Amino acid sequence: GPALHTMRQGLRQALCARACWGRTSASQAPPGDGGAGETHFGNQQVKTEAKQGMVHEVFEKVSGNYDIMNDAMSAGLHRCWKDELIKKLNPELGKDYLDVAGGSGDVTFRILDALNEKAMMTPPLSYKDGSITISDINAHMLEQAEIRYLDRKKPT
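Note on numbering: residues in each chain are counted from 1, in written sequence order. Only residues with pLDDT of at least 70 get local features here, since the model is predicted, and only at 80 or more are side-chain atom pairs given and counted; chain-wide, interface and lining totals rely on the full set of residues. Note that water and hydrogens are dropped before the side-chain values are worked out from all heavy atoms of the structure.

### Concerning the overall build of the protein chain
Point 1. The helix and strand tally for the protein chain stands at six helices and four strands.
Point 2. Traced from its N-terminal end to its C-terminal end, the protein chain shows the element sequence α-β-β-α-α-α-β-α-β-α.
Point 3. Taken across its 156 residues, the protein chain has 23% of its residues classed as buried.
Point 4. Partitioning the intrachain contacts of the protein chain with sequence separation of at least 6 by distance along the chain shows that 59% fall at a separation of at least 24.
Point 5. Values of accessible area rely on a 1.4 Å probe in the Shrake-Rupley scheme; residue burial ignores everything except the protein chains shown. As displayed, the protein chain offers around 11000 Å² of accessible surface, 58% of which is attributable to carbon and sulfur atoms. Helix and strand labels come from DSSP, where a helix needs a run of H or I of at least four residues and a strand needs a run of E of at least two; each type is numbered from the N terminus. Think of it in three bands: with a 1.4 Å probe and only protein chains considered, a residue is buried below 20% of the maximum accessible area for its type, exposed above 50%, and partly exposed in between. Contacts between residues were defined by any pair of non-hydrogen atoms, one from each residue, lying within 4.5 Å.

### Quick word on unusual backbone geometry
Point 1. Its identity as a non-glycine residue notwithstanding, alanine 75 has a phi of 55°, on the positive side.
Point 2. Take alanine 75: it is sitting in the loop between helix 3 (66-74) and helix 4 (77-89).
Point 3. Its relative accessible area of 72% is what places alanine 75 among the exposed residues.
Point 4. Notably, alanine 101 is not glycine yet its phi reads approximately 55°, a positive angle.
Point 5. For alanine 101, the location among the structural elements is in the loop between strand 3 (96-100) and helix 5 (106-120).
Point 6. Overall, alanine 101 belongs to the exposed group, its relative accessible area being 59%.

### Details of the side chain of serine 74
Point 1. With respect to the helices, strands and loops of the structure, serine 74 is situated in helix 3.
Point 2. A distance of 3.1 Å separates a polar atom in the side chain of serine 74 from the backbone nitrogen of histidine 78. N or O atoms closer than or at 3.5 Å make up a polar contact, with two conditions inside protein: a donor-capable atom paired with an acceptor-capable one, and, for residues adjacent in sequence, both atoms drawn from side chains.

### Some thoughts on the environment of asparagine 65
Point 1. Its location among the elements puts asparagine 65 in the loop between helix 2 (48-62) and helix 3.
Point 2. Note on asparagine 65: relative accessible area 47%, which makes it partly exposed.
Point 3. In this structure, the C-alpha to C-alpha distance between asparagine 65 and glutamine 144, residues 79 residues apart in sequence, is 9.2 Å.

### With respect to the nonpolar core
Across soluble globular proteins, nonpolar side chains show a tendency to be buried alongside one another.
Point 1. Take the buried Ala, Val, Leu, Ile, Met, Phe, Trp, Tyr and Cys residues and link them wherever side-chain atoms come within 4.5 Å; each set so joined is a nonpolar core. In this structure, Leu85, Ile86, Tyr97, Val107, Ile111, Ala114 and Leu115 together form the largest nonpolar core, which totals seven residues.
Point 2. Counting residues per element, the ones that place at least two in this core are helix 4 and helix 5.
Point 3. If one sorts the elements of this core by residue count, helix 5 sits on top with four residues.
Point 4. Residues within four places of isoleucine 86 in sequence aside, it is in contact with Pro91, Val107, Arg110, Ile111 and Ala114.

### A short note on the packing of helix 4 against helix 5
Point 1. Axes here mean lines fitted to C-alpha atoms, for a helix over just the part in contact, with angles spanning 0 to 180 degrees between N-to-C directions. Across the interface, helix 4 lies against helix 5 with an axial gap of 10 Å and an inter-helix angle of 45°. Regarding the angle of helix 4 to helix 5, the classification is oblique. When the axes of helix 4 and helix 5 are compared, the crossing they make is right-handed. Across the interface between the two elements, His78, Arg79, Lys82, Asp83, Leu85, Ile86 and Leu89 from helix 4 touch Asp106, Val107, Arg110, Ile111 and Ala114 from helix 5.
Point 2. Each residue gets one of three labels, nonpolar for Ala, Val, Leu, Ile, Met, Phe, Trp, Tyr, Cys and Pro, charged for Asp, Glu, Lys and Arg, and polar for the others, Gly among them. Partitioning the contact of helix 4 with helix 5 into residue classes produces six nonpolar, one polar and five charged. Angle categories: roughly parallel below 35 degrees, roughly antiparallel above 145, roughly perpendicular from 65 to 115, and oblique for all the rest. The handedness criterion is simple: a crossing whose near helix is rotated anticlockwise from the far helix by less than a right angle is left-handed, and one whose near helix is rotated clockwise is right-handed.

So, in C-alpha cells, the structure goes:
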C-alpha cells in the first residue's frame, strides 16, 4: 500500500540487505540452509511447515512485553521509523485507515494522534468521520492494542 512506499529508499535498502543476509532475491536461501523443506528459526534448522506455529507462539509469549522488546532490539529506533512513516503518510480527516500486522497498535495510535491533532485545528462538521482498523494474525497482540487503547481513554 501507499504507506510502504513512503520509506526512504536508502534506509529501506540498507535494512533489507541486513535482514536478508545480503541476498539479492527473496528466493535465495540464507547461508547454512539445511536443504529443501527446512528453514531458520533463530539459530535452529526447523521444518518449513513448523515455523509458522513457532513464530505464532513466540508472539503469544512476548505480546505483553512486545513494545519493550522492540525498544531494546532497535535501541528505540523503531519509534523514529514509525514517526517518519506517519509524517510521510500525513493522515487526513475523514479517510479510512487499515494497519495490517498492527501488533500492539504503535502505528494505529500514531495515526489516531495525528488525526486528533488535525481535528483540534479544524472546524467541527467540516469533515466526515473516518475509521482506523488494526489487524493482526495474533489475538494476543490485538489484546495488547485494546489494553493500550483503553488506557489511553482513562482520564489523566
